[in-house]
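# Fold and geometry: a report
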Amino acid sequence: MKKIICKDYEEMSSIAAFILAEQIRNKPQSVIGFATGSTPVGTYKQLRELYDQGYVDFSEVTAFNLDEYFPIRQDNDQSYYYFMRDNLFNHVNIKPEKLNIPNGEAADPHAECARYDEKMAAYGGTDVQILGIGRTGHIGFNEPDTQLPLATNLVDLTQKTIDDNARFFASADEVPRQALTMGLNGIFTSKHILLLISGEAKAEIVRDLFSGFVTTQNPASLLNLHSNVTVILDKEAASLL
Ligand code: GLP
C-alpha cells in the first residue's frame, strides 16, 4: 500500500480531491465509489471548489456509494443518501440517474443488496473507491468477524461503531442497529482504492493496518492484498507508525 503522510487534515483532503479530479479529467465516464463519515467531508468540499473553478466536470461520472444505514429514511439528515447530496451531489453537475446508494428504505433488504451488486457488476466495478476506516478497522460497515461477506450485505453494527456514530444523532438509541454495506468483493474490484485516515483516535488501527499481518478481525488489513491502494493520512493518524 502506498502511504502519503500529510501535515494536517486540509492537506489530506486536497491531495485526495486532486487525485479524484485527475481521475475524472482523464476519464470523464469514471465510476467512483463514494464514502461517508466525517473523514471525506473536506475532500468533498475541495472537490466542490475544483468544480466551481471549472477544473472538473461530473456530468459523465457514475457514483456507487459504499453503504447506508438500515432502516433509515432517505430524508433523515443522518442517512448517507442525505449526506452525499448535502456534501457533494447537490453542488456539482452529477446526474441524478447516475447516483447509486443502497436503499435504506427497501422493503426487502436482501433483494436490494443483490440488485446493488448486479448493477455494480454491470459497470465492471469502480475506477476509484474512496474509503474511510472505523476504529474497529471496519471498511464500509464490514465489521471485524471470523468471516467477512463478499457480497453487498445487511450487517449488524458493533457497539463501538454505534457509540462512535452516536455523535451525529440525538442519542445512541437513534443510531440504526444495522446497515447495508458493499462487501469485500465490491470494494476489491475497484481499480484504485483511496483510503483516507485522520486523527489520533485512528492511530492504533493505523498501526495495526501496517503491522505486516492481515486478519478479518481488522477488515481494513485485507487491503494489503489489493495491488493499488493509496493511504492518505494526517500526522495524528500516523503517530504510532
Ligand atoms: C462510518 C462509515 C464508514 C466510515 C467510518 C469512519 O460508520 N460507515 O464508511 O469510513 O465509519 O467514519 P469517520 O470518518 O467519521 O471516522
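In short, a report on the structure. (Residues numbered from 1 in each chain as written. Predicted model: local features only at pLDDT ≥ 70, side-chain atom pairs only at ≥ 80, totals over all residues. Heavy atoms only, no water.)

### Remarks on the packing of aromatic side chains
Overall, the coordinates contain 11 aromatic pairs when judged by the stated rule. Between the aromatic rings of Phe18 and Tyr55, the centroid separation amounts to 5.9 Å while the plane-to-plane angle is 70 degrees, which identifies the pairing as edge-to-face. Taken together, the residues Phe18 in helix H1 (residues 9-26) and Tyr55 in the loop between helix H2 (41-52) and strand S3 (62-65) connect sequence positions 37 residues apart. Phe18 gets classed as partly exposed once you look at its relative accessible area, which sits at 39%. Taking relative accessible area as the criterion, Tyr55 reaches 25% and is therefore assigned partly exposed. Taken together, the ring pairs in this structure connect Phe34, Tyr44, Phe83 and Phe89 into an aromatic cluster. (Phe/Tyr/Trp six-rings, centres within 6.5 Å; stacked < 30°, edge-to-face > 60°. Helix = DSSP H or I, 4+ residues; strand = E, 2+ residues; numbered from the N terminus. Buried < 20%, exposed > 50% of the residue type's maximum accessible area, 1.4 Å probe, protein only.)

### Some points on the site of the ligand
The full set close to the ligand counts 14 residues, and Ser38, Thr39, Asp67, Asn165 and Lys202 are the nearest of them. His138 has a polar side-chain atom sitting 3.0 Å from an oxygen atom of the ligand. A per-class count over the shell around the ligand returns three nonpolar, eight polar and three charged. (Near = heavy atom within 4 Å. Polar contact = N/O pair within 3.5 Å; in protein donor to acceptor, adjacent residues only side chain to side chain. Nonpolar A, V, L, I, M, F, W, Y, C, P; charged D, E, K, R; others polar.)

### Concerning the pairing of S3
Of the two faces of S3, the one carrying Thr62 and Phe64 and the one carrying Ala63 and Asn65 are both buried. Note that strand S2 (residues 31-34) and S3 share four bridges and pair parallel. What sits directly across from Phe34, in S3, is Asn65. Once the chain exits S2 it traverses H2 before rejoining the sheet at S3, and the crossover so formed is right-handed. Two strands pair when backbone bridges link them, and S3 and strand S5 (residues 99-100) are joined in this way by two bridges, in the parallel orientation. Each residue of the ladder has a partner; that of Phe64, found in S5, is Asn100. (Pairing = 2+ DSSP bridges. Right-handed = clockwise from strand over helix to strand, strands pointing away.)

### Here we look at the pattern of salt bridges
Scanning the entire structure with this criterion turns up nine salt bridges. Asp127 serves as the salt-bridge partner of Lys191, at 3.5 Å between the closest nitrogen and oxygen. Of this pair, Lys191 sits in the loop between helix H6 (184-188) and strand S9 (192-197) while Asp127 sits in the loop between helix H4 (109-122) and strand S6 (128-131); the two residues are 64 residues apart in sequence, bridging distant segments of the chain. We classify Lys191 as partly exposed; its relative accessible area is 48%. Taking relative accessible area as the criterion, Asp127 reaches 5% and is therefore assigned buried. Sharing partners across several salt bridges, the network here consists of Lys27, Asp127 and Lys191. (Salt bridge = Lys/Arg side-chain N within 4 Å of Asp/Glu carboxyl O.)

### Focus: the sheet that holds strand S7 (residues 153-156)
On the basis of which strands lie adjacent, the open sheet formed by three strands has the order S4-S8-S7 and antiparallel pairing. Strands with a single pairing partner mark the edges of an open sheet, and in this sheet they are strand S4 (67-70) and S7. Taken over all neighbouring pairs, the strand axes of this sheet differ in orientation by 30 degrees on average, direction set aside. The pairing of S4 with strand S8 (residues 178-181) spans four bridges and is antiparallel. Bridge pairing in S8 links Tyr69 to Ala179. The strands touched by H4 are S4, S7 and S8; relative to S7, the strand with the most contacts, the crossing angle is about 125 degrees. (Axes fitted to C-alpha atoms, helices over the stretch in contact; angles between N-to-C directions. Contact = heavy atoms within 4.5 Å.)

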